[in-house]
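Notes for the structure review
One-letter residues, chain by chain:
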Amino acid sequence: MFIMELTYTAPVETVEEHMDAHIAWLDGHYASGVFLASGRKVPRDGGVILAGGASRAEIEKIAAEDPFTVAGVCAYRITEFIATKTSSDLASVRENPLA
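Read on for an overview of the structure. Note that the structure is a prediction, hence the values are computed from the model and not measured.

1. Quick look at the side chain of His-22
Here His-22 lies in helix 2 (residues 19-31). Side chain to side chain, His-22 and Asp-66 meet in a polar contact 2.9 Å long. Those residues in contact with His-22, other than ones at most four positions away along the chain, are Leu-6, Asp-66, Pro-67, Phe-68 and Tyr-76.

Here it is in structure tokens:
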């Protein structure tokens, strides 16, 4: 599983210019089952996406295709972790590192 943390590298007003394309990009990855949750950071200097079911290379490619990245208004930090315990709603992405 991955935490995809974006940090804005441009003023929020500039980021907003690309928001519709970013939301469409999010929707596509929710539809494919890769994105599990997302939202703005507080304070609003970026966002966080929780993703699963993909390799690190795939997640890096997805981040590179974000309209925010393409427009140069954000930078990503991607953290991989093993979700050994989850809520029942996320049981399908739970991992067993000993298996």
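What follows picks up the thread again.
2. Overview of the sheet that holds strand 3 (residues 46-51)
For sheets, the rule is that strands pair by backbone hydrogen bonds, running either parallel or antiparallel. If you walk across this open sheet you meet the four strands as 2-3-1-4, and the pairing is antiparallel. Taken across any chain shown, the strands that pair with only one partner, and hence form the sheet edges, are strand 2 (35-40) and strand 4 (74-80). Pairs of neighbouring strands in the sheet enclose a mean axial angle of 15°, with direction left out of account. The pairing of strand 2 with strand 3 spans five bridges and is classified as antiparallel. Note on strand 3: the bridge partner recorded for Gly-39 is Val-48. Contacting strand 1 (2-8), strand 2, strand 3 and strand 4, helix 2 runs over the sheet at an angle of about 155° to strand 2. Across the face of the sheet, helix 3 (residues 56-65) comes into contact with strand 1, strand 2, strand 3 and strand 4 while running at roughly 165° to strand 4.

3. A look at the layout of surface pockets
In this approach the atoms are scanned with a rolling probe the size of a water molecule, which exposes any empty space left behind. The computed volume of the largest pocket comes to approximately 170 Å³. What lines the largest pocket is a set of 14 residues, among which Met-19, His-22, Leu-26, Gly-39 and Arg-40 lie closest to the centre. The class makeup of the residues in the lining of the largest pocket is eight nonpolar, five polar and one charged.

4. As for the pairing of strand 3
The sheet contact formed by strand 1 and strand 3 spans six bridges and is antiparallel. What sits directly across from Leu-6, in strand 3, is Gly-47. Two successive antiparallel strands, strand 2 and strand 3, enclose a turn made up of five residues.

5. Points about the pairing of strand 1
Alternating positions in strand 1 separate cleanly, Phe-2, Met-4, Leu-6 and Tyr-8 being buried on one face and Ile-3, Glu-5 and Thr-7 remaining unburied on the opposite face. Relative to strand 4, strand 1 runs antiparallel, the two being bridged by seven bridges. Among the inter-strand pairings, Tyr-8 is bridged to a residue of strand 4, identified as Cys-74.

6. Examining the environment of Glu-17
Assignment of secondary structure puts Glu-17 in the loop between helix 1 (12-16) and helix 2. Linking Glu-17 and Ser-32, residues 15 residues apart in sequence, is a C-alpha distance of 25 Å.

7. Observations concerning the environment of Ile-62
The residue Ile-62 is located in helix 3 in this model. The class for Ile-62 is buried, based on a relative accessible area of 8%. Linking Ile-62 and His-22, residues 40 residues apart in sequence, is a C-alpha distance of 12 Å. The residues contacting Ile-62, other than those within four sequence positions of it, are Met-4, Trp-25, His-29, Val-34 and Phe-35.

Reading the values: rules and limits
Every chain's residues receive numbers from 1 upward, in the order its sequence appears when written. Per-residue local features of the predicted model are confined to residues with pLDDT of at least 70, and side-chain atom pairs are confined, for both listing and counting, to 80 or more; whole-chain, interface and lining totals are unaffected and use all residues. Only hydrogens and water are set aside; all other atoms, that is, all heavy atoms of the structure, feed into the side-chain values. Runs of E in the DSSP output that reach at least two residues are strands. Runs of H or I that reach at least four are helices, and both are numbered from the N terminus. Whenever a nitrogen or oxygen atom comes within 3.5 Å of another N or O atom, the pair is scored as a polar contact, on the condition that within protein one atom can donate a hydrogen and the other can accept it, and that pairs from neighbouring residues in sequence are kept only if both atoms are in side chains. Contacts between residues were defined by any pair of non-hydrogen atoms, one from each residue, lying within 4.5 Å. Here a strand pair is declared whenever DSSP counts at least two bridges between the two strands. All axes are obtained by fitting lines to C-alpha atoms, using only the stretch in contact for helices, and the reported angles, taken between N-to-C directions, cover 0 to 180 degrees. Here a cavity is any set of points on a 1 Å grid over the protein atoms alone where a 1.4 Å probe fits but cannot get out, and a pocket is any open set with protein on both sides within 12 Å along at least 5 of 7 lines; a residue lines the site when it has an atom within 4 Å of a point. Grid points are joined across faces, edges and corners, and a volume is the space filled by probe spheres set on the points. Three classes are used, and their members are as follows: Ala, Val, Leu, Ile, Met, Phe, Trp, Tyr, Cys and Pro are nonpolar, Asp, Glu, Lys and Arg are charged, and the others, Gly among them, are polar. Burial classification: accessible surface area is computed with a 1.4 Å probe over protein chains only, and a residue below 20% of its type maximum counts as buried, one above 50% as exposed, and the rest as partly exposed.

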